[in-house]
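Below, each chain spelled out in residue letters.
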Amino acid sequence: MEKRLRLAPSPTGSLHIGTARTALFNWLYAKRHNGKFLIRIEDTDSIRSKVEHTKNILDGLKWIGIDWDEEPIKQSSRISIHKNYIKKLLEIGVAYRCFTSESEILELREKQKKNGLPPKHDNRHRNLTSKEIEAFISEGRSSVIRFKIDEEIEIKWKDQIRGDIKWKGKDLGGDLVLSRRAFGNEIGDPLYNLAVVVDDNFMKITHVVRGEDHISNTAKQILIYRALNFKLPFFSHTPLILNNEGKKLSKRDSVTSIDEFREMGYLPEALANYMAFLGWSKKTSGSEILSLLELSKIFNLSEVNKAGAKFNWEKLNWINAQYIKKMDLPKLYKLIKSYWIEMGWESPSKEWDLKLTYLLQDSMILLKDAIDQAKPFFSSSEIQMEGKEFIANNKQAKESLRFILEYIKKEKISIITKENSKEMINKISTDHSIKKGILMKSLRIAFFGCLRGPDLIQSWELFSERKSDILLIERCIAS
Ligand code: GLU
């Protein structure tokens, strides 16, 4: 039978890394088994759900390379269908109207708190007579619909990630609320656990893969599946993503939404690759740099870990750097050129840009590094402390720069190349007994203001092509 999986995000915020990882696991599993991956937008909370969040979620998924096989379904368009199923549950006697008021519930909670008990409804209206119901309605009381949960029951399922899971009926918080409050004989808006079962059944979902925070919901939902005579899907509960302190990664951990990762300069392929291993470790060893397609050929839910997955920035950075290193030069150029344009940096030619891109490619971790690392090539860098110290401690530093200027003039060098620069350095070094190291470091300080930076000769070529090398050397001498 065709495997059908889904992501059911609530559009109450931007696409979160946890939701994106859940989407990825669903997608990988669907691809692995030639199945379908679907999306349902759970937008029934009309106050918190926003169209722009739906757009952000779908755009974010597309950006990391996840596509879907059918038009996304909006849960809000199915409210009347959900209500019909609630009616059905009422008719067959497994659900009932509960009139407990907010203040009565609060009172019950207080009592339970005092006695050290967890919050749990006492199912006080489970067996109301029709007369009692009429009386509550004519009193003007509102009601919710509750689904009966047998205290004695034990709910069991074989979780594809966690193995056997058991949940006791008595630990589910009392009879389950299926709908919001409504007056008279109305049924209020259906709530998550009911809607999710009706919709997953409608969408013929065969495998539900979602975060471990939904385990107790699964127990409740299984009871609804049974009451409605729906075929149960397989369930899998993925581990949470944890921060450095081992707590659930949350908004407080600075970066959590996919947008933010994009803005920081992560590549979608790298982020997707990293996320796949966030909680999943492949049994067979091998390269960790794998495309989504390659991952989909080896992904297995049974290999997903049960324990929380710590978010590891170093590993993500390493993977991102690998993707940058192996990226096509024109593609990388196109991506980083937009940063340069944003900075208002003008370059002499596209060829020059490509050479600079090539020069920086190996040392970049994030796309955004193209700003800091390219900056010295577009505007002169201040000479930093280490540069100043080097010049002060090495008498030959400025001297060597003067010799370079003289040589360039004498030999009428207009463009620096690998060959002529090598010849120049060798000649000055032997003629004036200056160590090559001193020469090179002095040049580096003239160009970058410090002793770090990309390949010196290739950099020099670029500086000379935009005619700034002489000026930078002169400036350093005059400093
Ligand atoms: N809307 C729910 C959420 O975002 C869906 C959970 C599920 O996959 O059933 O947590």
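Residues numbered from 1 in each chain as written. Predicted model: local features only at pLDDT ≥ 70, side-chain atom pairs only at ≥ 80, totals over all residues. Heavy atoms only, no water.

Asker: Tell me what's going on with the pairing of strand 11 (residues 234–238), and back it up with residues and numbers.
Answerer: Across the five residues that make up strand 11, a large majority, four, are buried. Where strand 10 (residues 207–211) and strand 11 come together, five bridges link them in parallel fashion. Looking at the pairing, histidine 207 lines up with phenylalanine 234 of strand 11. With respect to chirality, the unit in which strand 10 leads through helix 7 (residues 215–227) into the neighbouring parallel strand 11 is right-handed. (Buried < 20%, exposed > 50% of the residue type's maximum accessible area, 1.4 Å probe, protein only. Helix = DSSP H or I, 4+ residues; strand = E, 2+ residues; numbered from the N terminus. Pairing = 2+ DSSP bridges. Right-handed = clockwise from strand over helix to strand, strands pointing away.)

Asker: An account of the site of the ligand is needed here, citing residue identities and associated values.
Answerer: Around the ligand sit Arg6, Ala8, Ser10, Glu42, Tyr192, Val196, Arg210 and His214, and those are all the residues in its vicinity. Take glutamate 42: an N or O atom from its side chain is 2.7 Å from a nitrogen atom of the ligand. Burial of the ligand by the protein amounts to 79% of the accessible area it has alone, namely 300 Å². Among the residues forming the shell around the ligand, the class breakdown is three nonpolar, two polar and three charged. (Near = heavy atom within 4 Å. Polar contact = N/O pair within 3.5 Å; in protein donor to acceptor, adjacent residues only side chain to side chain. Areas by Shrake-Rupley, 256 points an atom, 1.4 Å probe, with all protein chains shown as cover. Nonpolar A, V, L, I, M, F, W, Y, C, P; charged D, E, K, R; others polar.)

Asker: Residue-level account of a positive patch on the surface, with values.
Answerer: The grouping of Lys156, Lys166, Lys168 and Lys170 at the surface amounts to a positive patch. Relative to the helices and strands, lysine 166 is located in strand 7 (residues 163–168). (Patch = residues over 30% accessible without salt bridge, like charges linked within 9 Å, V, L, I, M, F, W, Y side chains within 5 Å. Salt bridge = Lys/Arg side-chain N within 4 Å of Asp/Glu carboxyl O. Lys, Arg positive; Asp, Glu negative; His and termini not counted. Charge placed at Lys NZ, Arg CZ, Asp CG, Glu CD.)

Asker: So what's going on with unusual backbone geometry? Residues and values would help.
Answerer: Within the chain, asparagine 123 stands out as a residue other than glycine whose phi angle is a positive 55°. Structurally, asparagine 123 can be placed in the loop between helix 4 (102–114) and helix 5 (130–138). We note that lysine 204 has phi near 55°; this positive angle belongs to a residue other than glycine. For lysine 204, a relative accessible area of 58% corresponds to the exposed category.

Asker: Lay out the pattern of salt bridges with the relevant residues and their values.
Answerer: Within this structure, the stated rule accounts for 28 salt bridges. Among the ionic pairs, arginine 40 bridges to glutamate 42, the shortest N-O distance being 3.0 Å. Neither arginine 40 nor glutamate 42 differs from the other in exposure class; each is buried. Beyond isolated ion pairs, a larger network of salt bridges with shared partners links Arg6, Arg40, Glu42, Arg78, Asp199 and Asp200.

Asker: Just give me the short version of helix 16 (residues 385–393), but keep the residues and values in it.
Answerer: Along an α-helix, residues three or four apart share an orientation, since each turn contains 3.6 residues. Within the sequence span of helix 16, burial applies to Gly387, Phe390 and Ile391. Seen from one end, helix 16 has its buried residues packed into an arc of 95°, which puts them on one side. Exposed and oriented more than 90 degrees from the buried face of helix 16 are Met385, Lys388, Ala392 and Asn393. (Arc of directions from axis to C-beta.)

Asker: For the nonpolar core, give the residues involved together with the corresponding values.
Answerer: By size, the foremost hydrophobic cluster in this structure holds 103 residues, and its most contacted members are Trp340, Leu356, Ile404, Phe447 and Trp460. A per-element tally of this core places helix 1 (residues 17–32) first, with nine residues. Discounting residues that sit within four places of it in the chain, phenylalanine 447 has contacts with Pro376, Ser381, Leu456, Trp460, Phe463, Asp469, Leu472 and Ile473. Formed by 31 residues, the second largest nonpolar core is a distinct cluster that contains Ile165, Ile215, Leu228 and Phe235. (Core = buried A, V, L, I, M, F, W, Y, C linked by side-chain atoms within 4.5 Å. Contact = heavy atoms within 4.5 Å.)

Asker: How would you summarise the packing of aromatic side chains if you had to cite specific residues and measurements?
Answerer: One pass over the structure, following the stated rule, counts 22 aromatic pairs. Ring centres 5.6 Å apart and planes at 20° place the aromatic pair phenylalanine 261 and tryptophan 313 in the stacked group. Taken together, the positions of phenylalanine 261 in helix 8 (residues 258–264) and tryptophan 313 in helix 11 (residues 313–325) put the pair 52 residues apart, joining distant regions of the chain. With relative accessibility at 0%, the residue phenylalanine 261 sits in the buried group. Taking 5.8 Å as the distance between ring centres and 70° as the angle between the ring planes, the aromatic pair formed by phenylalanine 448 and phenylalanine 463 counts as edge-to-face. Of the two residues, phenylalanine 448 sits in helix 19 (residues 436–448) while phenylalanine 463 sits in helix 20 (residues 456–465), which places them 15 residues apart along the sequence. Grouping residues by exposure puts phenylalanine 448 and phenylalanine 463 together as buried. Directly above the aromatic system of phenylalanine 202 lies the positively charged group of arginine 78, at a separation of 3.9 Å from the ring centroid. Above the face of the tyrosine 323 ring, lysine 326 is positioned so that its terminal group lies 4.9 Å from the ring centre. (Phe/Tyr/Trp six-rings, centres within 6.5 Å; stacked < 30°, edge-to-face > 60°. Lys NZ or Arg CZ within 6 Å of the ring centre and 35° of its normal.)

Asker: Mind laying out helix 4, listing which residues take part and the relevant values?
Answerer: Taking 1.5 Å of rise per residue, the 13 residues of helix 4 would be expected to cover 18 Å, and the 18 Å separating its terminal C-alpha atoms lies within 8% of that figure. Restricting attention to buried positions, one finds in helix 4 the residues Ile105, Leu108 and Gln112. Projected down its long axis, helix 4 shows its buried positions confined to an angular sector of 60°, all on one face. Facing away from the buried surface of helix 4 by more than 90 degrees, the exposed residues are Glu102, Ser103, Leu106, Glu107, Lys111, Lys113 and Lys114. Buried residues in helix 4 make contact with strand 5 (142–147). Among the residues trailing helix 4, glycine 116 stands out with phi positive, at a value near 70°. (Expected span 1.5 Å × (residues − 1).)

Asker: Report on the pairing of strand 7, specifying residues and quantitative values.
Answerer: By the bridge criterion, six bridges tie strand 6 (residues 154–159) to strand 7 in an arrangement that is antiparallel. The partner of isoleucine 155 across the bridge, within strand 7, is tryptophan 167.

Asker: Just give me the short version of the packing of helix 18 (residues 418–432) against helix 20, but keep the residues and values in it.
Answerer: Running from N to C, helix 18 and helix 20 point in directions that differ by 115°, and their axes come no closer than 10 Å. It follows from the interaxial angle that helix 18 and helix 20 lie roughly perpendicular. Remark: the crossing between helix 18 and helix 20 carries right-handed chirality. Residue-level contacts link Lys418, Ser421, Met424 and Ile425 of helix 18 to Ile457, Trp460 and Glu461 of helix 20. (Axes fitted to C-alpha atoms, helices over the stretch in contact; angles between N-to-C directions. Parallel < 35°, antiparallel > 145°, perpendicular 65-115°, else oblique. Left-handed = near helix turned anticlockwise from the far one by under 90°.)

Asker: So what's going on with the packing of helix 1 against helix 9 (residues 268–276)? Residues and values would help.
Answerer: Running from N to C, helix 1 and helix 9 point in directions that differ by 80°, and their axes come no closer than 10 Å. With respect to their mutual orientation, helix 1 and helix 9 come out roughly perpendicular. Contacts from Ile17, Ala20, Arg21, Leu24, Phe25 and Leu28 of helix 1 reach helix 9 at Leu271, Ala272, Met275 and Ala276. Considered class by class, the residues forming the contact of helix 1 with helix 9 number nine nonpolar, no polar and one charged.

Read these as layout, nothing more, since geometry by itself doesn't imply function.
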